[in-house]
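Secondary and tertiary structure notes
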Number of protein chains: 2
Amino acid sequence: MIQLTQTVQKGGCAAKVSATELRKILAQVQFPPNDQNVLVDGGLFDDAAIYKITEDLALVQTLDFFTPIVDSPRYFGEVAAANALSDVYAMGGEPKTALAILAFPLATMESQVIVEVLQGASDKIKEAGANFVGGHSIDDDTLKFGLSVTGVIHPQKVWSNSQAQVGDDLILTKSLGTGTICAGLKKQTYKESELSEVISSMSTLNRIRDLLNAEQLAAIHSATDITGFGLAGHGYQMASASRKTFRLYSSQVPMFSLAMTSLQAGNLTKAHRTNAHYVESNARFKITDPLRRQIFFDPQTSGGLLLAVNPRHTNEILKKLSQRFRTAAKIGEVVDSQDTSLVIEE
Amino acid sequence: MIQLTQTVQKGGCAAKVSATELRKILAQVQFPPNDQNVLVDGGLFDDAAIYKITEDLALVQTLDFFTPIVDSPRYFGEVAAANALSDVYAMGGEPKTALAILAFPLATMESQVIVEVLQGASDKIKEAGANFVGGHSIDDDTLKFGLSVTGVIHPQKVWSNSQAQVGDDLILTKSLGTGTICAGLKKQTYKESELSEVISSMSTLNRIRDLLNAEQLAAIHSATDITGFGLAGHGYQMASASRKTFRLYSSQVPMFSLAMTSLQAGNLTKAHRTNAHYVESNARFKITDPLRRQIFFDPQTSGGLLLAVNPRHTNEILKKLSQRFRTAAKIGEVVDSQDTSLVIEE
């Protein structure tokens, strides 16, 4: 059996270009102004864009792809698809179409591997109620796969990452730790069969609309999904865009059972370092244990949604979410802007 | 100065996975039926898809990316963008948004190279009247760049590749030969400065709507763009989808001035062989010179549109097109279906 993680240098969202490097590059490009129908341009190379088509219809568009994060082709396809679809869900949208981005080593990789990757993706796209309408494939040294996804949304009902309000509770829908655990898988510290909890989480669609009623949906003021920049990186972006401070409680943050032992074993990625650097001057950590800090920098592949919700609805929303997201939890609250965007308590 | 073509094994559309290999893989995946709003699903991994949003509005979606085909980062960005936008034009659509697909070697490539690639792409997206709304970047061994493009179109006005009618003239908007010439560039047989005709052609947008009036646009029955599978490959697909035969006149096919000498010098790609194999039993070549056959298999990057038009309008359409496409020419006509989809005359 092929072990996909052994065919690549860097896996999953850990292979993402760091936010700091990206900003430096993008600052040097002269982008013309977008037309007025671009409601959200997502800050190039991150999150989803919103493009208004009519007064009551807008497109939500995103694109994501990466190298294998798990060993089984079928799981890789499922996780890559769930990860790409997630940005549409994070904006409150409903996915409609998906195009594949596929690079694979024609000469050395069995075509059955590609069949399995595509089947995994196709199954997830179907589960999302969307259509797999095309894509592009090239011959390359290492396997990469992902999707460009387009969804629809009402222009007035977008969950941007800039609308968190003081007093909101912060809910995280999935456990953290995919970065360190998948790094351990790559080092062959773990077998894929030991990671069913993690793989099942990564392949779970971040679809929450169908679990909640209209009132509960309206209680969600702001949302983002946690991916390569980790909880700290994406939390910082959301807090900063909302001009608020997020107070997070380390003890309440859900983690996979293997996460801490994997960090302890030194399974780290370059992203752990660049994510720490990214939020350096924007986060105040009150935790003393350096390992417990690392979980905030852990790059997630197909991570959960971070939701800022009206506290009156927190409990009922959590109860509904737990039907699909077993470890969903309240992890903090939104407070008035302080000297750092993030304050992380023990 | 960095020479991008020296950083990769295979360049441009020549790195595309062959149509034969692709079909074999896709045939093994169990795709569920699409919903009724998918008007064209483009045969996975080729062409653009059409998704109906309302009775008078549909999305045209496509995705394309590749390794450097030219040496200058700015030109590479321009050509990659023009190439990706082309599929939307080939369906008769108007591009609205673009997302970037970017892979680059962080450790070894100057970030200025990426800035230039993005600037070239941004300039072309602007020229197309579309918006550069996001994308995704990963750390990778070799540079790859492309776009996922979404355009809009009236669902009743789609130029599919299946509507060529007997008696239609066939028009090709750009010269052939980018495959062999760029292979020569990669081998350093040519300097980039000698290829201004070719680079200018590859970075020209396949936008023809603004050149033609309503009557002329209605005279276009069917269209496709010529890319990695060459004139023979894409011509075969269009003829076959239309259940007709295309009679092409070799002597009328426009070629870059370097094309034949480059073929003569043996500048070939793997795609020349796989494209020949792809159409083997579906094309009857009446040309004796083997080199003149090769031009039909030459993989194009950002190649021209192949249009099937009502012959009463051929001359006026050609006259209008020549304002932007200097070498646009009538290259053949559509006839009743014969034993092969293509007949290629001297």
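This section reports on the structure supplied with the text. (Residues numbered from 1 in each chain as written. Chains lettered and ligands numbered in written order. Predicted model: local features only at pLDDT ≥ 70, side-chain atom pairs only at ≥ 80, totals over all residues. Heavy atoms only, no water.)

A word on the environment of A:Gly230
All names here are of chain A. In plain terms, the rule: Put simply, DSSP H or I for four residues or longer makes a helix, DSSP E for two residues or longer makes a strand, and each gets a number counted from the N terminus. We call two residues in contact whenever any of their non-hydrogen atoms come within 4.5 Å of each other.
Within the secondary structure, glycine 230 is located in helix α7 (residues 230-242). Sequence separation between glycine 230 and glycine 179 is 51 residues, and the spatial gap between their C-alpha atoms is 8.8 Å. The residues contacting glycine 230, other than those within four sequence positions of it, are Gly235, Asn275, Phe296, Phe297, Asp298 and Pro299.

Observations concerning the sheet that holds strand β4 (residues 94-104) of chain B
Residue and element names in this part refer to chain B. What counts is decided by this rule: Whether two strands pair depends on DSSP finding at least two bridges between them. Axes here refer to lines fitted to C-alpha atoms; in helices the fit is confined to the stretch in contact. Angles between the N-to-C directions go from 0 to 180 degrees.
Strand order in the open sheet made by the six strands is β1-β2-β3-β6-β4-β5, with mixed pairing throughout. A strand with exactly one partner marks an edge of an open sheet, and here the two such strands are β1 (38-40) and β5 (131-139). Each neighbouring strand pair of the sheet contributes to a mean axis angle of 25°, computed without reference to strand direction. When strand β2 (residues 49-54) meets strand β3 (residues 57-66), the two strands line up antiparallel, connected through five bridges. Residue pairing for β3: isoleucine 50 is matched across the bridge by valine 60. Relative to β3, helix α2 (residues 73-90) is tilted by about 145°, and along the sheet it contacts β3, β4 and β6 (144-153).

Notes on the interface of chain A and chain B
Selection rule: Two parts lose some accessible area (1.4 Å probe) when they are put together, and adding that loss for both gives the buried area. We define a salt bridge as a side-chain nitrogen of Lys or Arg found within 4 Å of a carboxyl oxygen belonging to Asp or Glu. Distance and chemistry together define a polar contact, namely a pair of N or O atoms within 3.5 Å, with one atom able to donate a hydrogen and the other to accept it when in protein, and with adjacent residues in sequence counting only for side-chain atoms on both sides. Think of it as three bins: nonpolar holds Ala, Val, Leu, Ile, Met, Phe, Trp, Tyr, Cys and Pro, charged holds Asp, Glu, Lys and Arg, and polar takes everything else, Gly as well.
With 62 residues of chain A at the interface, the matching set in chain B holds 62 residues. Here chain A packs against chain B, burying approximately 5,800 Å² in sum over the two surfaces, 66% of which is carbon and sulfur. Between A:Asp140 and B:Lys144 there is a salt bridge whose closest N-O contact spans 2.9 Å. On the surface where chain A and chain B come into contact, there are 15 residue pairs in polar contact (both at pLDDT 80 or more). Contributions of two or more residues to the side of chain A that touches chain B are made by α1 (19-26), β2 (49-54), β3 (57-66), β4 (94-104), α3 (111-127), β5 (131-139) and β6 (144-153) of chain A. The leading source of residues in the side of chain A that touches chain B is β5(A), at nine residues. Of the residues belonging to the side of chain A that touches chain B, the class tally is 31 nonpolar, 18 polar and 13 charged.

Considerations on the pairing of strand β7 (residues 169-172) of chain B
Residues and elements named next belong to chain B. Where we set the bar: Relative accessibility thresholds used throughout: buried, under 20% of the residue-type maximum; exposed, over 50%; partly exposed, between the two (1.4 Å probe, protein chains only).
Side chains Asp169 and Ile171 of β7 all project onto a buried face; the interleaved residues Leu170 and Leu172 project onto the opposite face, where all are buried too. In this structure, β7 lies alongside strand β11 (residues 305-309), joined through four bridges in antiparallel fashion. Opposite aspartate 169, over in β11, you have valine 309 as the bridge partner. Across four bridges, β7 lies against strand β12 (residues 329-335) in antiparallel orientation. Residue pairing in the sheet places aspartate 169 in a bridge with glutamate 333 of β12.

Some remarks on the nonpolar core
All names here are of chain B. Defined as follows: Among buried residues, those of type Ala, Val, Leu, Ile, Met, Phe, Trp, Tyr and Cys that are joined through side-chain atoms within 4.5 Å constitute a nonpolar core.
One finds Phe76, Leu143, Phe145, Leu147, Phe246 and Phe296 to be the most contacted residues of the largest nonpolar core, which totals 88 residues. If you tally residues by element for this core, the top one is α2, at nine residues. Excluding its chain neighbours within four sequence positions, the residues that come into contact with phenylalanine 145 are Phe65, Phe66, Phe76, Gly77, Ala80, Ala100, Ile101, Leu102, Val117, Leu118 and Ala121.

Quick notes on the environment of B:Thr5
Residue and element names in this part refer to chain B. Turning to its location among the elements, threonine 5 is positioned in the segment before α1 (19-26). Take threonine 5: its relative accessible area is 2%, and that puts it in the buried class. Between the C-alpha atom of threonine 5 and that of glutamine 188, which follows or precedes it by 183 residues, the distance is 9.2 Å. Once residues lying within four places of it in the same chain are set aside, the contact partners of threonine 5 are Pro68, Ile69, Val70, Asp71, Leu185 and Lys186.

Side note on the packing of helix α7 (residues 230-242) of chain B against helix α9 (residues 270-279) of chain B
Residue and element names in this part refer to chain B. To be explicit about the condition: Convention used here: angles under 35 degrees read as roughly parallel, angles over 145 as roughly antiparallel, angles from 65 to 115 as roughly perpendicular, and any remaining angle as oblique. Left-handed describes a crossing whose near helix is turned anticlockwise from the far helix through less than a right angle; right-handed describes the clockwise counterpart.
As a packed pair, α7 and α9 sit with axes 9 Å apart at the nearest point and diverge in direction by 30°. On the basis of their axis angle, the class for α7 and α9 is roughly parallel. Considering only the axes of α7 and α9, their crossing is left-handed. Where α7 approaches α9, its residues Gly230, Ala232, Gly233, Tyr236 and Gln237 are matched on the opposing element by Asn275, Tyr278 and Val279. Class assignment of the residues belonging to the contact of α7 with α9 gives a composition of four nonpolar, four polar and no charged.

Topic: the relation of the copies chain A and chain B
Between the two chain copies there is a screw-like relation: a rotation about an axis and a shift along it. Under the convention used in this document: Overlaid copies result from least-squares superposition on C-alpha atoms, with residues included only where pLDDT is at least 70 in both.
Superposition of chain A onto chain B requires a rotation of 180° combined with a translation of 0.0 Å along the rotation axis, giving an RMSD of 0.0 Å. Both copies of the chain, as the preceding transformation shows, are related through a two-fold rotation axis. Every residue of chain A has its C-alpha some distance from the rotation axis, and the shortest such distance is that of A:Ser148, at 3.4 Å. An overlap of 100% is found between the interface residues of chain A and their copies at the interface of chain B, pointing to a shared contact surface.

Description of the environment of A:Asn310
Residue and element names in this part refer to chain A. Structurally, the position occupied by asparagine 310 is in the loop between β11 (305-309) and α11 (314-321). Each C-alpha atom, one on asparagine 310 and one on threonine 245, is 16 Å from the other, the two residues being 65 residues apart in sequence. Contact partners of asparagine 310, with chain neighbours within four places excluded, come to Asp168, Ala219 and His221. Within the structure, asparagine 310 has its side chain in polar contact with the backbone nitrogen of arginine 312 (distance 3.0 Å).

Observations concerning the packing of aromatic side chains
Residues and elements named next belong to chain B. This is how it is decided: Stacked, edge-to-face and tilted labels apply to pairs of Phe, Tyr and Trp rings (six-membered ring for Trp) whose centres lie within 6.5 Å, assigned for plane angles under 30 degrees, over 60, and everything in between, in that order.
Going through the model one piece at a time under the given rule, you end up with 13 aromatic pairs over all chains. Here phenylalanine 66 and phenylalanine 76 contribute two aromatic rings whose centre-to-centre distance is 6.0 Å and whose plane-to-plane angle is 45°, an arrangement assigned as tilted. Note that phenylalanine 66 is positioned in strand β3 and phenylalanine 76 in helix α2, a separation of ten residues in sequence. Of the two residues, phenylalanine 66 and phenylalanine 76, neither departs from the other in class, the shared state being buried. Centroid distance phenylalanine 76 to phenylalanine 145: 6.5 Å. Interplanar angle 70°. Geometry classified as edge-to-face. Here phenylalanine 145 lies in strand β6 and phenylalanine 76 lies in helix α2, a separation of 69 residues in the sequence. On the basis of relative accessible area, phenylalanine 145 is assigned to the buried category, the value being 0%.

Distances and angles like these do not, on their own, reveal function.
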